[in-house]
Amino acid sequence: GEVASNGLKVVLIGEPNSGKSTLMNYLLQEERSIVTNIAGTTRDYIEANCMLNGRLVRLFDTAGIRSNPSKIEQLGIDKSRELMLDADVILHLLPVNKKSSREKEDDLSKDVAPDRIWSLGTKSDLSADPSREGSYWHTISCKTGDGLEELKEKLAKIVDSKLENIKDSAFITTSRHKMALEKARSEL
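Keep in mind the model is a prediction, meaning the values are calculated, not measured.

Q: Would you explain the pattern of salt bridges in this entry?
A: Going through the model one piece at a time under the given rule, you end up with four salt bridges. When the shortest N-O distance is used, the salt bridge between Arg58 and Glu47 registers 3.3 Å. On the criterion of sequence distance, the pair formed by Arg58 in strand β3 (residues 55-61) and Glu47 in strand β2 (residues 46-52) is long-range, its members being 11 residues apart. A salt bridge links Lys152 to Glu149; its shortest N-O distance comes to 3.1 Å. Of this pair, Lys152 and Glu149 both sit in helix α5 (residues 148-163), three residues apart, which is roughly one turn of the helix. Assessed through its relative accessible area of 12%, Lys152 is described here as buried. According to the relative accessible area criterion, Glu149 is partly exposed, its value standing at 45%.

Next up, the structure:
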């Protein structure tokens, strides 16, 4: 019900300059997030709704996760981790053109179900070694558009799978409503 009323919650995470803001702008088809080559440009999360293949999706561009961040960056990283806890899908962006910390995925998955985290190889147009691309769930390039239609289709299928059970029947749209209904039932 929450996906029906608010959209699929998709959180973009990764190290600084992994392409989170660029992907957000690409999917929104507008310049919503600031993109620079300076690590730590995004310090707080940015939320925006968009339609992907006719389905409502809530995107969250988050602060880059890295070791030894500044105090302000750490606050943004803490917010990123909070967002991950109730995300439907977490896109972990890892640039294919540089060595990324794959062990960080294990660190991330300790708080959330690993099947909600998708390793997304970004900047595939810069890849010097195409064989590395096989270690990701999927690879994309916002510069060339490679892999982006497939990503949008996969996210649309997840929305459909969450909505197929509600069809024309009544459904609960928030956890607050669910708790109130459960309390009412117990009181009856």
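Q: Can you help me understand the pairing of strand β1 (residues 8-14) in this one?
A: On any regular strand, side chains alternate: one points to one face of the sheet, the next to the other face. Among the seven residues in β1, seven count as buried, and that is most of the element. Neither face of β1 is open: one carries Leu8, Val10, Leu12 and Gly14, the other Lys9, Val11 and Ile13, and all of them are buried.

Q: When you look at the side chain of Lys20 in this model, what are you seeing that I'm missing?
A: Considering the arrangement of structural elements, one finds Lys20 in helix α2 (residues 20-28). The charged side chain of Lys20 is buried without a salt bridge, its nearest counter-charge being Asp61 at 5.5 Å. Looking at Lys20, its side chain comes within polar contact range of the main-chain oxygen of Glu15, at 2.9 Å. For Lys20, the residues in contact, after removing those within four places along its chain, are Leu12, Ile13, Gly14, Glu15, Asp61, Thr62, Ala63, Gly64 and Leu93.

Q: Teacher, can you tell me more about the sheet that holds strand β5 (residues 117-122) here?
A: Within a sheet, each strand pairs with its neighbour through backbone hydrogen bonds, oriented either parallel or antiparallel. Taken in spatial order, the six strands line up as β2-β3-β1-β4-β5-β6 in an open sheet, and their pairing is mixed. Looking at the sheet topology across the chains shown, the edges are occupied by β2 and β6 (138-139). As judged from the two bridges shared by β5 and β6, these two strands associate in the parallel manner. In the strand pairing of β6, Leu120 is matched with His138. Contacts from α2 reach β1, β2, β3, β4 (89-95) and β5 within the one sheet, and its direction differs from that of β2 by about 40°.

Q: Quick question: what am I supposed to make of the packing of aromatic side chains here?
A: For any pair of aromatic rings, geometry is given as the distance between the ring centres together with the angle between the planes. Evaluated as defined, the whole model comprises zero aromatic pairs. A cation over an aromatic ring shows up here: Lys9 above the ring of Phe60, its NZ or CZ 5.0 Å from the ring centre.

Q: Is there a simple way to explain the environment of Arg81 in this structure?
A: Along the chain, Arg81 turns up in helix α3 (residues 71-85). As a C-alpha pair, Arg81 and Ile65 span 16 residues in sequence and 9.4 Å in three-dimensional space.

Q: Which parts of the structure should I look at to understand the nonpolar core?
A: Nonpolar side chains in soluble globular proteins tend to end up buried together. Val10, Leu23 and Leu91 are the most contacted members of the largest nonpolar core, which totals 24 residues. Of all elements in the fold, only β1, α2, β2, β3, β4, β5 and α5 reach the threshold of two or more residues within this core. Among the elements that take part in this core, α5 stands out by supplying five residues, more than any other. Residue contacts for Leu91: discarding those within four places in its chain leaves Val10, Val11, Leu12, Ile13, Leu23, Trp118, Leu120 and Leu151.

Thresholds applied
Residues numbered from 1 in each chain as written. Predicted model: local features only at pLDDT ≥ 70, side-chain atom pairs only at ≥ 80, totals over all residues. Heavy atoms only, no water. Salt bridge = Lys/Arg side-chain N within 4 Å of Asp/Glu carboxyl O. Helix = DSSP H or I, 4+ residues; strand = E, 2+ residues; numbered from the N terminus. Buried < 20%, exposed > 50% of the residue type's maximum accessible area, 1.4 Å probe, protein only. Lys, Arg positive; Asp, Glu negative; His and termini not counted. Polar contact = N/O pair within 3.5 Å; in protein donor to acceptor, adjacent residues only side chain to side chain. Contact = heavy atoms within 4.5 Å. Pairing = 2+ DSSP bridges. Axes fitted to C-alpha atoms, helices over the stretch in contact; angles between N-to-C directions. Phe/Tyr/Trp six-rings, centres within 6.5 Å; stacked < 30°, edge-to-face > 60°. Lys NZ or Arg CZ within 6 Å of the ring centre and 35° of its normal. Core = buried A, V, L, I, M, F, W, Y, C linked by side-chain atoms within 4.5 Å.

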